[in-house]
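# Breakdown of the fold
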Amino acid sequence: MRFETLEQLADICLKENKTIAQVMLEDQAKETGVPVDEVFRQMAEYYQVMKEAVQKGLTGNTKSRSGLTGGDAKKVADYMQHSEASLGGPSAKAMAYALAVSEVNASMGRIIATPTAGSCGIIPGVFVSSQERFGWEDDKLVNGLFTAGAIGYVIANNASISGAEGGCQAEVGSAIGMAAGAMVELRGGSPQQAVHAVGLALKNCLGLICDPVAGLVEIPCIVRNGLGAVTALAAADMALAGVGSVIPADEVIGVMLEVGSAMPTKHRETGKGGLAATPTGRKLTKELVEQRRRKAKEAKQP
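It should be emphasised that the depicted structure is a prediction, and the values quoted were computed from it without experimental measurement.

## As for the packing of helix α6 (residues 122-134) against helix α9 (residues 168-186)
Two elements in contact, α6 and α9, have axes separated by 8 Å at closest approach and are oriented at 25°. It follows that α6 is roughly parallel to α9 by the angle criterion. Remark: the crossing between α6 and α9 carries right-handed chirality. Residues I122, I123, V126, F127, S130 and F134 of α6 lie in contact with α9, whose contacting residues are V172, A175, I176, M178, A179, A182, M183 and L186. Residue composition of the contact of α6 with α9, by class: 13 nonpolar, 1 polar and no charged.

Structure (structure tokens):
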């Protein structure tokens with residue numbers, strides 16, 4: 001890639017009069033040796049998987065194997081149909097869709113890791129709900145995925161997208177930043193505004209720990225995806241309104257690396273701290289361990 005930072009990416013866009021999506025698509029094709037049309041086609045397939053996951057999460061059985069999660073996306077969608085959501089229709093729909101995809105992941109369904117399985121609901125939640133709202137064609141959203149990909153590329157190479165390395169800020173936080181920046185470009189904002197959206201979004205996620213109950217990507221991961229979609233929309237709107245990230249986005253990414261590196265091990269995907277270590281978290285973990293032992297014992301019996 002020709003860029004290592006978001007500032008460099010925005011400068012390239014300005015000099016060449018291109019969007020972030022165009023730069024990312026062209027650079028990816030050049031780096032991989034795959035024709036531009038084929039790179040775009042592959043990304044289009046990924047977007048179809050995202051849309052399918054949203055639909056499955058809203059209509060299918062998303063009960064996880066652990067039994068801890070499933071069905072919350074349907075609850076939110078049903079609530080929206082019969083009540084006036086405090087959040088507002090478009091944001092509530094993005095939240096429901098993000099929950100849906102995350103529940104599909106927890107129930108062993110097919111998803112696209114964006115950038116990880118633990119944060120897989122945020123971009124589909126924002127993209128699919130916005131497509132329905134604004135009547136966008138699929139190709140527009142596919143371009144949005146290249147925008148998100150460019151942002152994720154910078155974050156991954158300058159900080160981390162791994163919860164085990166940097167906490168949930170590295171997973172859900174990165175996905176929120178990617179969705180926010182992409183949403184700005186989808187709505188006609190400039191690359192500079194998109195970069196500001198990333199900074200605004202990531203600042204709101206700094207220090208977010210990774211504390212999965214029983215070590216499963218379910219509690220609190222799924223709910224964080226739903227709320228993350230709302231945060232991404234808010235950050236995009238701020239940037240489109242002209243609000244800038246006073247601390248440049250690249251510097252925020254640097255802080256995310258610093259905070260993640262200083263985070264205690266128990267708060268980095270080990271399931272030994274945070275919500276996982278609460279009385280209820282420990283109780284659920286114990287019950288699941290006992291449940292697995294019983295099933296293993298039954299499986300050995302003739």
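## Overview of unusual backbone geometry
Of note, the amide linkage connecting T114 to P115 takes the cis form, showing an omega dihedral of -5°. Position of P115 among the secondary structure elements: in the loop between α5 (89-106) and α6. For E269, which is not glycine, the phi torsion reads 65° and is therefore positive. Following the sequence through the fold, E269 ends up in the loop between α12 (249-262) and α13 (279-300).

## Overview of the nonpolar core
Core analysis: the largest hydrophobic core is formed by 85 residues, its most contacted members being F3, L6, L9, Y47, V126, F127 and F146. Top contributing element to this core by residue count: α9, with 11 residues. For V126, the contacting residues outside a window of four places in its chain are A94, A179, M183, A229, A232 and L233.

## With respect to the side chain of H267
Assignment of secondary structure puts H267 in the loop between α12 and α13. Among the residues examined, H267 registers a relative accessible area of 18% and is labelled buried. In this structure H267 touches G167, I209, C210, G273 and G274, once residues within four positions along its chain are discounted.

## Section: helix α2 (residues 20-32)
Residues lying three or four places apart along an α-helix face the same way, a consequence of the helix completing one turn every 3.6 residues. For α2, spanning 13 residues, the distance from its first C-alpha to its last is 18 Å, which sits close to the expected 18 Å at 1.5 Å a residue. For α2, the full list of buried residues reads I20, A21, V23, M24, L25, D27 and A29. Where α2 is buried, its residues touch α1 (6-16), α3 (36-59), α7 (138-158), α9 and α10 (191-203). G33 sits one or two positions beyond α2 and adopts a positive phi of about 75°.

## So, the environment of S245
Tracing the chain through its elements places S245 in the loop between α11 (221-240) and α12. Once the C-alpha coordinates of S245 and K140 are considered, the two residues, 105 residues apart in sequence, prove to be 26 Å apart. With near-sequence residues (within four places) excluded, S245 lies in contact with H196, G199, L200, K203 and V252. One polar contact links S245 to K203, side chain to side chain, over a distance of 3.4 Å. There is a polar contact of 2.6 Å between the side chain of S245 and the backbone oxygen of I247.

## Comments concerning the packing of aromatic side chains
Working definition: an aromatic ring pair is given by the centre-to-centre distance plus the angle between the planes. If you walk through the whole model with that rule in mind, you get 3 aromatic pairs. Ring centres of F3 and Y153 lie 5.5 Å apart, and the angle between their planes is 75°; this geometry places the pair in the edge-to-face category. One end of the pair, F3, is in the segment before α1; the other, Y153, is in helix α7, with 150 residues separating them in the sequence. Geometrically, the ring pair formed by F134 and W136 is stacked, given 4.9 Å between the ring centres and 25° between the ring planes. Relative accessible area serves as the criterion here: at 29%, F134 is assigned to the partly exposed category. In this structure, K140 packs its charged tip against the face of W136, placed 5.2 Å from the ring centre.

What counts as what
- Residues numbered from 1 in each chain as written.
- Predicted model: local features only at pLDDT ≥ 70, side-chain atom pairs only at ≥ 80, totals over all residues.
- Heavy atoms only, no water.
- Axes fitted to C-alpha atoms, helices over the stretch in contact; angles between N-to-C directions.
- Helix = DSSP H or I, 4+ residues; strand = E, 2+ residues; numbered from the N terminus.
- Parallel < 35°, antiparallel > 145°, perpendicular 65-115°, else oblique.
- Left-handed = near helix turned anticlockwise from the far one by under 90°.
- Contact = heavy atoms within 4.5 Å.
- Nonpolar A, V, L, I, M, F, W, Y, C, P; charged D, E, K, R; others polar.
- Core = buried A, V, L, I, M, F, W, Y, C linked by side-chain atoms within 4.5 Å.
- Buried < 20%, exposed > 50% of the residue type's maximum accessible area, 1.4 Å probe, protein only.
- Expected span 1.5 Å × (residues − 1).
- Polar contact = N/O pair within 3.5 Å; in protein donor to acceptor, adjacent residues only side chain to side chain.
- Phe/Tyr/Trp six-rings, centres within 6.5 Å; stacked < 30°, edge-to-face > 60°.
- Lys NZ or Arg CZ within 6 Å of the ring centre and 35° of its normal.

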